[in-house]
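Coordinate analysis (summary)
This is what each chain is made of:
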Amino acid sequence: MQIRKLFHFEAAHLLPFHPGKCASMHGHSYRLEVALRGPIQSEGPTRGMIEDFDTIASVVRAGIIDALDHQTLNDLIENPTAERIILWIWRRLEPDLPSLDELVLWETATSCARLRREDLGP
Ligand SMILES: [Zn+2]
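Figured I'd write up the structure that's included with this text. (Residues numbered from 1 in each chain as written. Predicted model: local features only at pLDDT ≥ 70, side-chain atom pairs only at ≥ 80, totals over all residues.)

**A closer look at the sheet that holds strand S3 (residues 71-72)**
Applicable threshold: What makes two strands pair is DSSP finding at least two bridges between them. Here a helix means four or more residues in a row that DSSP labels H or I, a strand means two or more in a row labelled E, and each is numbered from the N terminus. Note that contacts rest on C-beta atoms placed from the backbone: two residues are in contact if these are within 7 Å. Between N-to-C directions, angles span 0 to 180 degrees; the directions come from axes that are lines fitted to C-alpha atoms, helices contributing only their stretch in contact.
Reading across from one edge, S3-S1-S2-S4-S5 is the order of the five strands in this open sheet, with mixed pairing throughout. Looking along the sheet, the strands with just one partner apiece sit at the ends: S3 and strand S5 (112-116). Both strand S2 (residues 26-37) and strand S4 (residues 100-106) contribute to a ladder of six bridges, which runs antiparallel. Counted as the bridge partner of Glu33 is Val104 from S4. Strand contacts of helix H1 (residues 53-68): strand S1 (2-13), S2 and S3, with the helix running at about 15 degrees to S1, the strand carrying the most contacts.

Put into structure tokens, the structure is as follows:
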């Protein structure tokens, strides 16, 4: 089973190699979906859950949202395309969320990047 939680952040970026308007500084209201996969716990405080949604919220807010919200992504990530941002997010989250299974980063209402654990290889 998979569980999923949604987050939002606002950030600016420019794409230095883009031939068109994305080479100029602009902003997006990003939507981030964080999905975990694992067994339903049978003991302890997370009994009946894969993970406590509050734990996911704390980890993602501290590691990702606080770092990216209202920032210029180019200061943190080289050539911050949706694909490169989602890889950056995965590397930061995975150590604290070992059952991380999938991320989806929506850059606009119609454009997103999806990264699944199997996309990363062994
Ligand atoms: Zn953009």
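Having seen the model, we can carry on.
**With respect to the environment of Ala62**
With respect to the helices, strands and loops of the structure, Ala62 is situated in helix H1. As a C-alpha pair, Ala62 and Trp106 span 44 residues in sequence and 20 Å in three-dimensional space.

**Overview of the pairing of S4**
The pairing of S4 with S5 spans five bridges and is classified as antiparallel. In the strand pairing of S5, Val104 is matched with Arg114. Where S4 folds back onto S5 in an antiparallel hairpin, the turn is made up of five residues.

**Quick look at unusual backbone geometry**
Rules: Field definition: a residue is buried when 20 or more other C-beta atoms are found within 10 Å of its C-beta, exposed when 12 or fewer are, and partly exposed for counts in between, with C-beta atoms placed from the backbone.
One non-glycine residue, His70, adopts positive backbone phi at about 60 degrees. Looking at where His70 falls in the secondary structure, it is placed in the loop between H1 and S3. Residue His70 is classed as exposed on the basis of its 9 C-beta neighbours within 10 Å. Although it is not a glycine, Asn79 sits at a positive phi angle of roughly 45 degrees. Here Asn79 shows up in the loop between S3 and helix H2 (82-93).

**A look at the nonpolar core**
Going by this rule: What makes a nonpolar core is a set of buried Ala, Val, Leu, Ile, Met, Phe, Trp, Tyr and Cys residues, with links drawn between C-beta atoms within 7 Å.
By size, the foremost hydrophobic cluster in this structure holds 20 residues, and its most contacted members are Val34, Ile85, Ile86, Ile89, Leu103 and Leu105. Only S1, S2, H1, H2 and S4 provide two or more residues apiece to this core. Leave out the neighbours within four places in its chain, and Leu103 touches Leu32, Glu33, Val34, Ile86, Ile89, Trp90 and Leu115.

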